[in-house]
Amino acid sequence: MKSSWWKILTIALLAYTIIAGLLLDVPRLPILNETIRALYFHVTMWFGMIIMLIVAVIYSIKYLKSNDLRHDDIAIEFTNAAILFGVLGIVTGMLWARYTWGDYWSGDPKQNASAIGLLMYFAYLILRNSLTDVHQRARIGAVYNIFAFAAFIPLIFVLPRLTDSLHPGNGGNPGFNAYDLDSNLRKVFYPAIIAWTLLGTWLSVVRVRLKRVERKIEDKLINQIS
């Protein structure tokens, strides 16, 4: 029970995010109106994604220092979870855009940059799967992961701000800064970030355990054959 407290917290926070995100009152901002509820899903999922990518980079660096495959297991599975949340963030963002801007995809700089960023990480998965040697895959994957993250952050946070964007906070649209994010939004926004991050961590931990069990089975089979 002691080791499961964070899983119980995850379920509780997810339930709170979904129920409160759909039912609590939200401020009426121009253009956004009721679609502001997407903030609890679209934006917070991407916050969770960034946190998981940071964890992946940390363990990629640890692998390069130690050559310990256990670190690579964590790096790849946190990256997988981050990609999942990135895709979900894109999809919920498209639904938001449909009702706010009139189209699912309008070629907005942030939309395009986010899509490019996800393609970079899809390429990471393809690169890893193309390599058969376990340590070579881990080593090249770790280097790619570090450089991909270094390119991803300015791609989605810096470059779109250098041009006009339909996204909240750009081009005269109301944003979600300290002045726009009122107390009611904060009550759900911050717990939602924690909820999605914990869910991603849960998924990653389960997949890491499965990967290590599979490796032990493969090692036993190899030993028996030899």
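Computed from a prediction, not measured in an experiment: that's the story for all the values here. (Residues numbered from 1 in each chain as written. Predicted model: local features only at pLDDT ≥ 70, side-chain atom pairs only at ≥ 80, totals over all residues. Heavy atoms only, no water.)

Looking at the overall build of the protein chain
1) Next: Counting its secondary structure elements, the protein chain contains 6 helices and 0 strands.
2) Next: Ordering the α and β elements of the protein chain from the N terminus gives α-α-α-α-α-α.
3) Next: Burial status across the protein chain gives 43% buried among its 226 residues.
4) Next: In the protein chain, 75% of the contacts between residues at least 6 apart in sequence involve partners at least 24 apart. (Helix = DSSP H or I, 4+ residues; strand = E, 2+ residues; numbered from the N terminus. Buried < 20%, exposed > 50% of the residue type's maximum accessible area, 1.4 Å probe, protein only. Contact = heavy atoms within 4.5 Å.)

Some thoughts on helix α3 (residues 69-100)
1) Next: Taking 1.5 Å per residue, 32 residues should reach 46 Å; α3 reaches 46 Å between its end C-alpha atoms and fits that length.
2) Next: Count one or two residues on from α3 and you reach G102, which has phi positive near 95 degrees. (Expected span 1.5 Å × (residues − 1).)

Quick notes on the pattern of salt bridges
When the charged atoms of two side chains with opposite charge come close together, those side chains can pair.
1) Next: Enumeration according to the criterion identifies 6 salt bridges in this entry.
2) Next: We note a salt bridge from D73 to R215, for which the minimum N-O separation is 2.7 Å. One end of the pair, D73, is in helix α3; the other, R215, is in helix α6 (residues 183-225), and 142 residues separate them in sequence.
3) Next: A salt bridge links E77 to R207, with the shortest nitrogen-to-oxygen separation between them at 2.5 Å. Here E77 is found in helix α3, whereas its partner R207 is found in helix α6, with 130 residues between them in sequence.
4) Next: Salt bridges sharing common partners tie together D73, R212 and R215. (Salt bridge = Lys/Arg side-chain N within 4 Å of Asp/Glu carboxyl O.)

A few points about the layout of surface pockets
1) Next: The calculated volume of the second largest pocket comes to roughly 400 Å³.
2) Next: As for the second largest pocket, its lining consists of 18 residues, and the residues nearest its centre are R128, V134, R137, K211 and R215.
3) Next: Breaking the lining of the second largest pocket down by element, the ones donating at least two residues are α3, α4 (109-129), α5 (134-158) and α6.
4) Next: At 7 residues, the largest contribution of residues to the lining of the second largest pocket is made by α6.
5) Next: Of the residues that constitute the lining of the second largest pocket, the class distribution is 5 nonpolar, 2 polar and 11 charged. (1 Å grid on protein atoms, 1.4 Å probe; cavity = no way out; pocket = protein on both sides within 12 Å on 5 of 7 lines; lining within 4 Å. Points joined across faces, edges and corners; volume = space filled by probe spheres on them. Nonpolar A, V, L, I, M, F, W, Y, C, P; charged D, E, K, R; others polar.)

A short note on the UniProt feature "transmembrane region" (unreviewed entry) in the protein chain
1) Next: Annotation from UniProt places "transmembrane region" (unreviewed entry) at residues 39-61, 82-101, 113-131, 143-162 and 188-206.
2) Next: When the span residues 39-61 is considered, its composition is 87% helix and 0% strand, and the gap between its end C-alpha atoms is 32 Å.
3) Next: Secondary structure content for residues 82-101 is 95% helix and 0% strand, and the end C-alpha separation is 27 Å. (UniProt positions renumbered as here; feature names shortened; annotations may be inferred.)

Thoughts on the nonpolar core
1) Next: If you look at the biggest cluster of nonpolar residues, it comprises 45 residues, and the most contacted ones within it are Y40, M49, L53, Y121, F152 and W196.
2) Next: Elements that contribute at least two residues to this core include exactly α1 (5-23), α2 (42-66), α3, α4, α5 and α6.
3) Next: When near neighbours in sequence (up to four residues on either side) are disregarded, F152 contacts W46, M49, I50, L53, G117, L118, M120 and Y121. (Core = buried A, V, L, I, M, F, W, Y, C linked by side-chain atoms within 4.5 Å.)

What to know about a nonpolar patch on the surface
1) Next: Where nonpolar side chains cluster on the molecular surface, the patch consists of V87, V91, L95, Y104, W105, L119 and F122 and spans about 590 Å² of accessible area.
2) Next: Put simply, the parts of the chain that give the nonpolar patch at least two residues each are α3 and α4.
3) Next: Considering each element in turn, the nonpolar patch owes the most residues, 3 residues, to α3.
4) Next: For L119, the position within the fold is in helix α4. (Patch = residues over 30% accessible without salt bridge, like charges linked within 9 Å, V, L, I, M, F, W, Y side chains within 5 Å. Areas by Shrake-Rupley, 256 points an atom, 1.4 Å probe, with all protein chains shown as cover.)

Some points on the environment of V143
1) Next: If you trace the backbone, V143 turns up in helix α5.
2) Next: Residue V143 is classed as partly exposed on the basis of its relative accessible area of 34%.
3) Next: For the pair formed by V143 and L64, sequence separation is 79 residues and the distance between their alpha carbons is 8.1 Å.

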